[in-house]
Every structure is written in structure tokens, then in C-alpha cells.
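Structural characterization, general
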Amino acid sequence: MTQSADNTELYETLQQLRRDVRAFLAEKIKEGRITPSIDTWLTKWDEDFTKELAAQGWVGMTIPTEYGGHGRTFLERFVVTEELLAVGAPVAAQWVADRQIAPSLLAHGTEEQKKEYLPRIAAGESCFAIGMSEPDSGSDLASVRTKAVQVDGGWRVTGTKVWTSGAQHSEAFFCLARTSPLDTSNRHAGLSQFLLDLRSDGVTIRPIESMSGSRHFSEVILDEVFVPDDMVFGEVGAGWKQVNSELAFERSGPERFLSSFRLFAEAVSPSPGGAGILDKGTTGRYVARLAALHGMSFAVAETLQSGGRADIPASLVKVLGTTTEGDIVDAVDTAVGDNITTDLTLATLLRAGVTQRPGFTLRGGTNEILRGVIARGLELR
């Protein structure tokens, strides 16, 4: 088969998948299971909806069939992800496990860890969080103060993680901890990761209430929590290298430019009931930016599919994408101005957008830090 034929077949496969997902979501909207919202991959937790997606084969898509997954491509997962975000589906329950934990387990996990978690992730039955950020550390993961001390049969982990999305609902998280004393000449050395059960003795989870009243973030306090040796994730001391490979999955997906898409769609809709408040020039600029970001993010998915390195391209997507989705909120907010809109959907979406907007460029590494990562990466190449 020629390359051209391969590309045509792939295109048709992706387009048919997109149609199938759209039809499924349209039915769920009709049933009232989906209400348009902002940032739903972070704020809308619905484990029942996750199980419905899993039943369709749209969770754990890239997990091999021998581990209970579907053995599909990152490109197919990309298509499903875009469609879910475009309608504001409540997908927070599976997001971290599907996006980040599953591919990391495949890359660094033991056979026992893969068999324990991957089938349940694919079934929509296992929810995870990420234990990286700490108080006063910001985006500087090398400054983590959580410590893991080796004891008989395992490790005792002590420290505090913060801004941990969904921790209060999750069974476990990847915990980044220092297993060797800080070496000031190489601050990234001596870090390790653990698969830490959040139901363990010594774990205290305190939901953080935001100004909007939501509680999707949590503070996780670890007081000498025991983690058995078989729950060390990857290699002891290789935590920094592993985290960086994981962040390529976290930073490059459509959620980095589609978090405010429902607001944009409502603001430009000329249909009856649509707001239609953005002028053609403004609309065209943001359509162009979103189209470019779609292409960039899709290219990262292609790189991940081929097993290539995508840390720098992923960081670029994150910086440009989160800037765009924040600019969309600002543009709609400016267009509405001091007027009280009669479009209740627009008003609700705009309120959510303004509330969530400050976090767009912070999570997953601040854009300021990522610009440095990009600059150093390009210099080294």
C-alpha cells in the first residue's frame, strides 16, 4: 500500500470516529447529561459519564489490549479528546489517569503495576491525581521538599502536595519525592516517584475552595506514609527524567487550547439564541489561532505515536494554547462590557471563564518557566 493510500485510510478512520463521537455526545446533550461549561477536564467530575465513555471504548484508547485497553493510536485519542472538550463534557474523572498515568505506566511501570492499574483505567474505574506541586515551589519541581526515607520493605514519605486536582476523589497519585539529599550542583538529582495510595494511613486530603466555590483542587498532607517497594515507580533517582517525559502528555493536548471553546462558540454563534457578539475580524483571528494550535497539537500526537521526543513542542503548545484560550475569555468579556447580556448561556459561560482564566497559564508549569524550557531546549538542539 502506498503512503498516500495509508494517509487516506487514516483520514477516513479519524473522520468516521469523529462522527461517531459527535453522534454520541449529541444524544447526551439531548438527554441533559452534558451542560456547556468551561474547563470541564478539570472542574466537571462525573464517574458515571466516564464509565459510559469507557463502554464506548473511548477511555484507555492507547492502552494495549493485553492490559485491558483498546490498542488504538494517539491520533484516534486526539480526535475523541477534541470532541469531548468542544461540547464541554464532564471528563475530569478520567482525565489524569487516561492522559498521563496510563502512558507513564506503559513506559516506566513494572509488569505488576501495569496489570493492577491499566485494565481499571480503561474500564473507567480507577481515578488518579498528580503529586508534583508543593507550597512555595511554584513551577520549580527541583525544589520539592517531600522526602522519602527507605525502611524495611519500602519507604516512608513525608511532605505536602498542593493544587492536586481531584485528589479527594482519587485512589492514588504519582508522588514526586526526594530520596537523596539535595545536591546544589545538580538540583534535579536524587528525585524519585512513587505510586502512592491516597487511602493509606497518614494521608490527609483537604479540598481547597476557590473564589467560585468549587473544590476541584486539594492539599495532600503526607505524614510518614508507607509505600511498599513494589510501588516505587520507575527507577529510584530517575524521577526528574520520568517527570519530564510525562509532562509531554500533560502539556500538549487539546485541553491546552480548548478550555474556553464553549464560550467562544456561544459568542460567535449567529443562530437564534446565539450571542453573536464578536465581530468578524476578531472571530477570524481566533479561528486562525485555534486552527494553528490544532495542527501543532496533532503533530505532537503524531510524535508520541511514533515514540519520539515531544517535550519542547509540547511546551510550545502549552504556552501558545493557554495564552489563546485566555485571550478568548478577555475578548468576550470586553465585547460584553458593562452590558447585562440576555443570553443566559453566554453569561454563565463568561462568568466561569473569567473565574478559571487566571489558572490557564499556571497549571502544567507557568508559561514564564516554559519559555525558559523552550529557549534552553532550542539552544541545545
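See the structure above.
We now turn to the structure provided with this report. (Residues numbered from 1 in each chain as written. Predicted model: local features only at pLDDT ≥ 70, side-chain atom pairs only at ≥ 80, totals over all residues. Heavy atoms only, no water.)

**A few points about a nonpolar patch on the surface**
Taken together, Val149, Val151 and Phe226 make up a surface patch of nonpolar side chains, about 220 Å² in accessible area. By the secondary structure assignment, Phe226 is in strand β7 (residues 217-228). (Patch = residues over 30% accessible without salt bridge, like charges linked within 9 Å, V, L, I, M, F, W, Y side chains within 5 Å. Areas by Shrake-Rupley, 256 points an atom, 1.4 Å probe, with all protein chains shown as cover. Salt bridge = Lys/Arg side-chain N within 4 Å of Asp/Glu carboxyl O. Helix = DSSP H or I, 4+ residues; strand = E, 2+ residues; numbered from the N terminus.)

**Looking at the nonpolar core**
Counting 53 residues, the largest nonpolar core has Phe49 and Val332 as the members making the most contacts within it. Top contributing element to this core by residue count: helix α4 (residues 74-87), with eight residues. Sequence-distant contacts of Phe49, defined by excluding residues within four places in its chain, comprise Phe24, Leu25, Lys28, Arg33, Ile34, Leu84, Ala89, Pro90 and Val91. Counting 42 residues, the second largest nonpolar core, distinct from the first, contains Ala129, Ala172, Cys175 and Phe194. (Core = buried A, V, L, I, M, F, W, Y, C linked by side-chain atoms within 4.5 Å. Buried < 20%, exposed > 50% of the residue type's maximum accessible area, 1.4 Å probe, protein only. Contact = heavy atoms within 4.5 Å.)

**Thoughts on unusual backbone geometry**
In this structure, Asp39 takes a positive phi of about 60 degrees despite not being glycine. Checked against the element boundaries, Asp39 lands in the loop between α1 (3-31) and α2 (40-43).

**Side note on the packing of helix α10 (residues 311-336) against helix α11 (residues 344-356)**
Any two packed helices are characterised by how steeply their axes cross, that is the angle between the axes, and by the distance between the axes. Where α10 contacts α11, the axes come no closer than 10 Å and their chain directions differ by 130 degrees. With respect to each other, α10 and α11 are oriented oblique. In this structure, α10 meets α11 at a crossing whose hand is left-handed. Note on element contacts: α11 touches α10 through Leu346, Leu350, Gly353 and Val354, opposite Val329, Val332, Asp333 and Val336. (Axes fitted to C-alpha atoms, helices over the stretch in contact; angles between N-to-C directions. Parallel < 35°, antiparallel > 145°, perpendicular 65-115°, else oblique. Left-handed = near helix turned anticlockwise from the far one by under 90°.)

**Focus: the packing of α4 against helix α9 (residues 280-305)**
Between α4 and α9, whose axes approach to 8 Å, the crossing angle comes to 145 degrees. On α9, the residues that touch Phe74, Leu75, Phe78 and Glu82 of α4 are His294, Ser297, Phe298, Ala301, Glu302, Leu304 and Gln305. By residue class, the composition of the contact of α4 with α9 is six nonpolar, three polar and two charged. (Nonpolar A, V, L, I, M, F, W, Y, C, P; charged D, E, K, R; others polar.)

**Digging into helix α5 (residues 92-108)**
Spanning 17 residues, α5 covers 24 Å between terminal C-alpha atoms, matching the ideal 24 Å at 1.5 Å per step. The sharpest bend along α5 measures roughly 40 degrees and falls at Ile101, with the proline Pro103 sitting one to four residues further on. Burial runs high along α5: 14 of the 17 residues are buried. (Expected span 1.5 Å × (residues − 1). Bend = angle between axes of the 7 residues up to and from the residue.)

**Overview of helix α7 (residues 239-251)**
Here α7 is 13 residues long and its end C-alpha atoms lie 18 Å apart, about the 18 Å a rise of 1.5 Å per residue gives. Every buried residue belonging to α7 is among Gly239, Gln242, Val243, Glu246, Leu247, Ala248, Phe249, Glu250 and Arg251, and all of these are buried.

**Thoughts on the pattern of salt bridges**
Any two side chains of opposite charge can pair, given that their charged atoms come close. One pass over the structure, following the stated rule, counts 22 salt bridges. Close ionic contact of Lys28 with Glu52 constitutes a salt bridge, the shortest N to O distance being 2.7 Å. Within this pair, whereas Lys28 is found in helix α1, its partner Glu52 is found in helix α3 (residues 47-55), the two being separated by 24 residues in sequence. Since its relative accessible area comes to 22%, Glu52 is described here as partly exposed. Each of the salt bridges in this network shares a partner with another, and the network as a whole consists of Lys28, Glu31, Arg33, Asp46 and Glu52.

**Considering the packing of aromatic side chains**
Scanning the model with the defined rule gives ten aromatic pairs in all. An aromatic cluster of at least three residues, connected via ring pairs, comprises Tyr117, Phe128, Phe174 and Phe233. (Phe/Tyr/Trp six-rings, centres within 6.5 Å; stacked < 30°, edge-to-face > 60°.)

**Overview of the state of the cysteines**
In the structure shown here, the tally under the stated rule is zero disulfides. Between Cys127, a free cysteine, and Cys175, which holds the nearest cysteine sulfur, the sulfur-to-sulfur gap is 19 Å. Owing to a relative accessible area of 0%, Cys175 belongs among the buried residues under this scheme. (Disulfide = S-S within 2.5 Å.)

**Some details on the pairing of β7**
Direction of pairing for strand β3 (residues 154-161) relative to β7: antiparallel, over a ladder of seven bridges. Paired with Trp155 across the bridge in β7 is Val227. Here strand β6 (residues 203-208) runs beside β7; their pairing, made up of six bridges, is antiparallel. Its bridge partner lying in β7, Ile208 is registered against Phe217. (Pairing = 2+ DSSP bridges.)

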